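# Structure assessment
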Amino acid sequence: MRPLSEQTLAQLSWLVVEVLLPFYLFFIMATSVTFESLSAAPVLIAMGLVVTLTSYVWATLAQKPARVAPEQRSAFRFSIMIANTAFLGIPICAALFGPVGAVYAVLYDFGTTIVILTLGIWVLNGGHLDNWRPLFFNPLIWGVVAGLGWAFSGWPFPEWLAGPFSTLGDATLPLALLVGGAQIGNIQPAGLRQLPLAGLITTRLIVVPITVFAALAILGWHGLFAQVTILQAAMPVGITTVILAKNYGADAKFAASAIFWSTLFAIVSLPIIVILLI
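Residues numbered from 1 in each chain as written. Predicted model: local features only at pLDDT ≥ 70, side-chain atom pairs only at ≥ 80, totals over all residues. Heavy atoms only, no water.

### Quick look at the packing of helix α8 (residues 195-219) against helix α11 (residues 252-277)
- Two elements in contact, α8 and α11, have axes separated by 10 Å at closest approach and are oriented at 50°. For the element pair α8 / α11, the angle class is oblique. When you trace α8 past α11, the crossing you get is right-handed. Residues Pro196, Leu197, Leu200, Ile201 and Leu205 of α8 pack against Phe254, Ser257, Ala258, Trp261, Ser262, Phe265, Ala266 and Ser269 of α11.
- Classifying every residue of the contact of α8 with α11 gives ten nonpolar, three polar and no charged. (Axes fitted to C-alpha atoms, helices over the stretch in contact; angles between N-to-C directions. Helix = DSSP H or I, 4+ residues; strand = E, 2+ residues; numbered from the N terminus. Parallel < 35°, antiparallel > 145°, perpendicular 65-115°, else oblique. Left-handed = near helix turned anticlockwise from the far one by under 90°. Contact = heavy atoms within 4.5 Å. Nonpolar A, V, L, I, M, F, W, Y, C, P; charged D, E, K, R; others polar.)

Right under this line is the structure:
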């Protein structure tokens, strides 16, 4: 018997994505952003864009050797593009690197969100992008924008608001992890013997982060900026993949299996990456 029904899980997901996370992102951006992180904001957002686009290129190249069926190609490419940078990446970066790490992770996620809601929807929708509303009315994006606006203004954050917002933030990240875990637990995955799934997991968890690590090493970029970027690039397939696949007629079952197996293997791959980075 499942601990959470589909309806309850959908309501919790809506609460986290539409309400709690936007307020949490606003708070940490408004109170934790420094001049150093503000100066890094354009680069981090650009890295989110570039890494997601690079993931798309690797996904396209991997289709043939992985023997991906035509009906699975859009879900295959999208699953490699969209990493779990919000539900998993932001909490992990916050736990490892503190508030500044969370800010960097949020800025990176901002860049990935732009690609996901444009090129990603185009991929899932068979080469069409009929609705731009999700990009302009995404509450996560507006939470980040409002927080950055507050930080740029230089206004001190009111103490009478800081306490409630801090408590809200303390509850948001554990709840996000709970919802993400429950969503994965409700997935009915296909067997890992499928070559397309093996190719997807290899590309998402190994090829993409190694590419990012090599590129940053060549550029000579080190420190927290590089650590957060590599860690975010190494995240498993994003939780929302299966929801978007259903909405746009892609292979949702394949996307669900991609989420399950990539998250399972990430239990091994992510600690290794963290050990190497820290």
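So much for the structure itself; the text now carries on.
### Examining the confidence of the model for the protein chain
- The predicted model of the protein chain has a mean per-residue pLDDT of 82, with 83% of residues at 70 or higher.
- The lowest-confidence element of the protein chain is helix α5 (residues 133-136), averaging 59 in pLDDT; the highest-confidence one is α8, averaging 94. (pLDDT = per-residue confidence, 0-100.)

### Observations concerning the layout of surface pockets
- The space that makes up the second largest pocket amounts to roughly 210 Å³.
- Every residue along the wall of the second largest pocket is listed here: Leu205, Ile206, Pro209, Ile210, Phe213, Ile230, Ser269, Ile272, Ile273, Leu276 and Leu277.
- For the lining of the second largest pocket, the secondary structure elements donating two or more residues are α8 and α11.
- Of the residues that constitute the lining of the second largest pocket, the class distribution is ten nonpolar, one polar and no charged. (1 Å grid on protein atoms, 1.4 Å probe; cavity = no way out; pocket = protein on both sides within 12 Å on 5 of 7 lines; lining within 4 Å. Points joined across faces, edges and corners; volume = space filled by probe spheres on them.)

### Notes on the packing of aromatic side chains
- Applying the stated criterion across every chain yields a total of eight aromatic pairs.
- With a centroid separation of 5.4 Å and 75° between ring planes, the pair formed by Trp221 and Phe225 is classed as edge-to-face.
- Their ring planes at 90° and their centres at 5.2 Å tell us that Phe260 and Trp261 sit as a pair that is edge-to-face.
- Taking the relative accessible area as the measure of exposure, Phe260 reaches 23% and is therefore partly exposed.
- Residue Trp261 is classed as buried on the basis of its relative accessible area of 17%.
- The structure contains a cluster of three or more aromatic residues connected by ring pairs, namely Phe26, Phe27, Trp150, Trp155 and Phe157. (Phe/Tyr/Trp six-rings, centres within 6.5 Å; stacked < 30°, edge-to-face > 60°. Buried < 20%, exposed > 50% of the residue type's maximum accessible area, 1.4 Å probe, protein only.)

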